[in-house]
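# Residue-level structure breakdown
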Amino acid sequence: MLELSHIDKYYNAGTVNEMCLFQDFNLTIPDHQFVSVVGSNGSGKTSMLNLICGSIPLDSGHIRMNGKDITRLPEHKRLRSIGRVYQNPAMGTCPQMTILENMSLADNKGRAFNLRPGTNRQRIDTYRESLKTLGLGLEDKLDVKVGVLSGGQRQAMALLMSTMTPIEFLILDEHTAALDPKTAETIMILTDKIVKEKNLTTIMVTHNLRYAVEYGNRLIMMHQGNAVIDRADEEKQKIKIDEILAKFNEISIECGN
Amino acid sequence: MLTTIIGVLEEGLVYAIMALGVYITYKILDFPDLSVDSTFPMGAAVTAVSIIAGVPPVFTLPLTFLAGAVAGCITGLIHVKLKVRDLLSGIIVMTALYSINLRIAGKANLPIFSQETIFDNAFLEGIIPPSLAPYTVLIILFIIVLVCKILLDLYLKTRSGYLLRAAGDNEVLVTSLAKDKGTVKILGLAIANGFAALAGCIYCQQKGFFEISMGTGTIVIGLANVIIGTQLFRRISFVKATTAVIIGSILYKACVSIALSLGGAIHIGRVTISIPITASDLKLATSVLFLIILVLGGRQGKKVKNHA
């Protein structure tokens, strides 16, 4: 359970460029819900994710995770139970380290990074197995540096790495936006599979309306720091792309575009 | 000639230890750490004072490493906790340590010529055969450098070492792994300055004195060593980066030595050209050679921060 209550967030507070993004924003995401978030640029989608993860501070309000107030918790401590995949495939992996070393790093999340061997030899077969599920042939390239892989391969690894250890929440920040349509499709199918297998509470920001409609059991459309569409479960199943597009147009006219 | 080669190898090896530290900050963490300019003489100051006070020479090695590590932690804390830019944090610590070093040593110049050192003591005299005597320093240096290299290689393969490499490669991932990237940086700086101080300790015992300005230009030598080594061996995958850095240190020292030996008069036919290079041009030669290496190294002086 993730609760955002009475969130206020201003950018450039106290200057002439002051911009209010969120004012009394509230959102509750129950366990095991898969939320797709859409909205135009600047509508607050990524800011919402950054507030949840603690990458940017909020001005007032509270964020609770499973009932515990995490508003003042630093980013790295929050990410203990959160997996996050970024738009940029380079953010989720270490380019200068090999595939095996990257997998080992991810596997050690939540443990002490002490003087034990970085790679546990007994785990290599497990890594190979999970890489095999990607169907990209990475299981035979364990000693290859991640920097030479393609964006799609790296994003697939980033997804695998962020969900490797037991986590409760998965934050996907336009994670298919930088990929070609076919790779994006593969990554999306893989995402859905992992979310279902691990029963993760997921928030996915996307610009691809088809993914937003097709995947997940709740759809939120953001506009000027508010959720202008919020449908869950059966209501979500009925929603059509045309309806979201119509809303987009309506908003654009309001803004004078 | 042989004496010159031994001299080059000896100095190259001493600076190789410091270069291993610079390798951590510059290549792994991508942090241009200037504090080594003062942690190197700090190592020498601590050594000179300890040896005069009767501390067995071998114990000065871990002692100076610790002292350097503390200084490195301070650079790290200034950068991470007080959010001062990397270059400036190094400069602040470098400047402050100048006074601290004077306080440790008590004066600007502290000789330890008559004292026992790791290179010259009763135990060594007993085990080294007279035929090897001219190479004693070289052999001991080689062993110390080898141990440092192996320890660093082993460390970089531990979980903590993995995290250190990740911190330089992709900070975001360290945060994603629920670890504080600042702590990892501080740790890296501590190890790096530990190595720099250790090099200063060995330099002091080899030369037989501490001198306040002995650290000037240490960072330039360190960077040159690291860049020569990693550039020369970048296509040869079986040579570890640490080995490359050690070989780079010796090569760089050889280059500087050759540059300084160019001084004097050259006769081409009837024309005599005199090149006015003397030993006092050491720092100039050091810098100019470093510049040449930077330019020849394909302008890769700064690690490209482009991850995509």
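Below or above, wherever it landed, is the structure these notes cover. None of these values were measured; they are calculated from a predicted model. (Residues numbered from 1 in each chain as written. Chains lettered and ligands numbered in written order. Predicted model: local features only at pLDDT ≥ 70, side-chain atom pairs only at ≥ 80, totals over all residues. Heavy atoms only, no water.)

### Observations concerning the overall build of chain B
Note the following rule: Runs of E in the DSSP output that reach at least two residues are strands. Runs of H or I that reach at least four are helices, and both are numbered from the N terminus. Note that the radius of gyration is over C-alpha atoms, with the globule rule given as 2.2 Å times the number of residues to the power 0.38. Partly exposed residues are those whose accessible area sits between 20% and 50% of the maximum for their type, while under 20% is buried and over 50% is exposed, using a 1.4 Å probe and protein chains only. Only heavy atoms matter for contacts: two residues are in contact if any of them lie within 4.5 Å across the pair. Charged residues are defined here as Lys and Arg on the positive side and Asp and Glu on the negative side; His and the ends of the chain fall outside this count. In plain terms, the charge of a residue is placed at NZ if it is Lys, CZ if Arg, CG if Asp and CD if Glu.
Helices and strands together make up the secondary structure of chain B, namely twelve helices and four strands. In terms of C-alpha radius of gyration, chain B reaches 20 Å, essentially the compact-globule figure of 19 Å for 308 residues. With the C-alpha coordinates aligned to their principal axes, the bounding extent of chain B is approximately 65 × 55 × 40 Å. Burial status across chain B gives 52% buried among its 308 residues. Within chain B, residue pairs in contact and separated by at least 24 positions form 78% of the contacts whose partners lie at least 6 positions apart. Within chain B, the 15 negative side-chain charges are centred at a point lying 10 Å from the centre of the 24 positive side-chain charges.

### Observations regarding the nonpolar core
Counted only if it meets this: Residues grouped as a nonpolar core are buried Ala, Val, Leu, Ile, Met, Phe, Trp, Tyr and Cys residues, joined through side-chain atoms within 4.5 Å.
Counting residues in each nonpolar core, the largest one holds 117 residues, and the members touching the most others are A:Leu105 and B:Ile202. Counting residues per element, this core draws most heavily on helix α1 (residues 2-28) of chain B, which supplies 13 residues. Apart from residues no more than four positions distant in its own chain, B:Ile202 is found in contact with B:Val14, B:Ile17, B:Leu61, B:Ile118, B:Phe119, B:Leu141 and B:Ile144. Counting residues in hydrophobic clusters, the runner-up holds 28 residues, among them A:Phe22, A:Leu49, A:Leu58 and A:Ile203.

### Topic: the pattern of salt bridges
Formally: Each salt bridge in this description consists of a side-chain nitrogen of Lys or Arg and a carboxyl oxygen of Asp or Glu lying within 4 Å of one another.
Throughout the structure, instances matching the rule amount to 15 salt bridges over all chains. For the salt bridge of A:Asp173 with A:Arg84, the shortest nitrogen-to-oxygen distance reads 3.7 Å. Of this pair, A:Asp173 sits in strand β7 (residues 169-173) while A:Arg84 sits in strand β6 (residues 82-85), and the two are 89 residues apart along the sequence. Summarising the burial analysis for this pair, A:Asp173 and A:Arg84 share the class buried. Across the pair B:Lys207 and B:Glu11 runs a salt bridge whose closest N-O atoms are separated by 3.0 Å. Of this pair, B:Lys207 sits in helix α9 (residues 181-207) while B:Glu11 is found in helix α1, placing the two residues 196 residues apart along the sequence. We classify B:Lys207 as partly exposed; its relative accessible area is 27%. Here the salt bridges share partners, and the residues they tie into one network are A:Glu185, A:Arg210 and A:Glu214.

### Observations regarding the interface of chain B and chain A
Definition in use: A quick way to say it: buried area is the sum, across both parts, of accessible area lost when two parts are put together, with a 1.4 Å probe.
Listed by partner, the interface residues are 21 residues for chain B and 33 residues for chain A. Counting each side, the surface lost to burial between chain B and chain A is near 2400 Å², with a carbon and sulfur contribution of 62%. The tally of links between chain B and chain A comes to one salt bridge. Between B:Arg165 and A:Glu101 there is a salt bridge, with its nearest N and O atoms 3.0 Å apart. If you list the elements that add at least two residues to the side of chain B that touches chain A, you get α7 (159-169) and α8 (171-176) of chain B. Among the elements that make up the side of chain B that touches chain A, the one with the highest residue count is α7(B) (seven residues).

### Regarding the side chain of B:Ser160
Position of B:Ser160 among the secondary structure elements: in helix α7. With residues up to four places along the chain from it excluded, the contact list for B:Ser160 reads A:Phe113, A:Asn114, A:Leu115, B:Tyr155 and B:Leu187.

### Re the sheet that holds strand β5 (residues 68-69) of chain A
All names here are of chain A. For clarity, the cut-off: A pair of strands is considered paired only if DSSP assigns at least 2 bridges between the two.
Taken in spatial order, the four strands line up as β2-β1-β4-β5 in an open sheet, and their pairing is antiparallel. Each edge of the open sheet carries a strand with a single partner, namely β2 (19-29) and β5. Pairing of strand β4 (residues 60-65) with β5, which is carried by two bridges, proceeds in the antiparallel orientation. Bridge assignment links Met 65 to a residue of β5, and that residue is Lys 68.

### So, the packing of aromatic side chains
The relative placement of two aromatic rings is captured by the distance of their centres and the angle of their planes. Quick note on the threshold: Geometry of aromatic contacts follows a simple scheme: Phe, Tyr and Trp rings, the Trp one being its six-membered ring, pair when their centres are within 6.5 Å, and the pair is stacked under 30 degrees between planes, edge-to-face over 60, tilted otherwise.
Using the criterion set out here, one finds seven aromatic pairs over all chains in the structure. Judged by centre distance (6.1 Å) and plane angle (65°), the rings of A:Tyr211 and A:Tyr215 are edge-to-face. Residue classification places A:Tyr211 among the buried positions, given a relative accessible area of 3%. Look at B:Tyr15 and B:Phe40: their rings are 5.4 Å apart centre to centre, the planes differ by 15°, and that puts the pair in the stacked class. Here B:Tyr15, found in helix α1, pairs with B:Phe40, found in helix α2 (residues 36-52); they are 25 residues apart in sequence, far enough to count as distant.

### A short note on the sheet that holds strand β10 (residues 226-232) of chain A
Residue and element names in this part refer to chain A. Just so we agree on the cut-off: In this analysis, axes come from line fits to C-alpha atoms, helices being fitted only over the stretch in contact, and the angle between any two N-to-C directions falls in the range 0 to 180 degrees.
The strand order across the open sheet built from six strands is β6-β7-β8-β3-β9-β10, with neighbouring strands paired in mixed fashion. Edge strands, defined here as strands with exactly one partner in the open sheet, are β6 and β10. Direction aside, neighbouring strands of the sheet carry axes that sit 15° apart on average. Contacting β3 (34-39), β6, β7, β8 (201-205) and β9 (218-223), helix α1 (residues 45-53) crosses the sheet at an angle of about 145° to β7. Helix α5 (residues 151-162) contacts β6 and β7 of the sheet and is inclined by roughly 175° relative to β6.

### A short note on the packing of α7(B) against α9(B)
All names here are of chain B. This is how the line gets drawn: Angle categories are assigned with fixed cut-offs, so that under 35 degrees is roughly parallel, over 145 is roughly antiparallel, 65 to 115 is roughly perpendicular, and the rest are oblique. Residues are grouped as follows: Ala, Val, Leu, Ile, Met, Phe, Trp, Tyr, Cys and Pro are nonpolar; Asp, Glu, Lys and Arg are charged; every other residue, Gly included, is polar.
The contact between α7 and α9 brings their axes to 9 Å, and the two run at 105°. Here α9 runs roughly perpendicular to α7, going by the angle between their axes. Counted together, Ser 160, Leu 163, Leu 164 and Ala 167 of α7 and Val 184, Leu 187 and Gly 188 of α9 form the full contact between these two elements. A per-class count over the contact of α7 with α9 returns five nonpolar, two polar and no charged.

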